[in-house]
Amino acid sequence: MKKILGWVLLFLIVFWIGTNPGPAAEVARGIGQGVADIFRNIGTFFVELFNGG
């Protein structure tokens with residue numbers, strides 16, 4: 001059942017990207033920016049931790 005749902009979800013995502021490439025690109029860009037922000041903030045945390053605050 002999980003495998004079928006996974007394939008259906010993958011199909012829907014590919015269909016959405018194929019029919020709406022502009023909004024799909026914006027979503028992907030937003031996700032990428034969010035991940036980059038997370039890693040940047042983790043780096044800042046460790047820099048501040050090692051520098052004593």
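What counts and what doesn't
Residues numbered from 1 in each chain as written. Predicted model: local features only at pLDDT ≥ 70, side-chain atom pairs only at ≥ 80, totals over all residues. Heavy atoms only, no water. Salt bridge = Lys/Arg side-chain N within 4 Å of Asp/Glu carboxyl O. Helix = DSSP H or I, 4+ residues; strand = E, 2+ residues; numbered from the N terminus. Phe/Tyr/Trp six-rings, centres within 6.5 Å; stacked < 30°, edge-to-face > 60°. Buried < 20%, exposed > 50% of the residue type's maximum accessible area, 1.4 Å probe, protein only.

A. Structural view of the pattern of salt bridges. In the structure shown here, the tally under the stated rule is two salt bridges. Here E26 makes a salt bridge to R29, at a shortest N to O gap of 2.6 Å. Residue E26 and its partner R29 are both found in helix α2 (residues 21–50); the two are separated by three residues, about one turn of the helix. The partner of D37 in a salt bridge is R40, with the nearest N and O atoms 2.5 Å apart.

B. Representation of the packing of aromatic side chains within the structure. Taken as a whole and judged by the stated rule, the model has three aromatic pairs. Relative to F15, the ring of F11 lies with its centre 6.3 Å away and its plane at 20°, an arrangement referred to as stacked. Linking F11 with F15, this pair stays in helix α1 (residues 2–19), spanning four residues, or about one helical turn. On the numbers, 5.2 Å between centres and 75° between planes, the contact of F45 with F46 is edge-to-face. The partly exposed category is assigned to F46, whose relative accessible area is 40%. Counting every residue linked through ring pairs, the aromatic cluster contains F45, F46 and F50.

These figures capture arrangement, not role.
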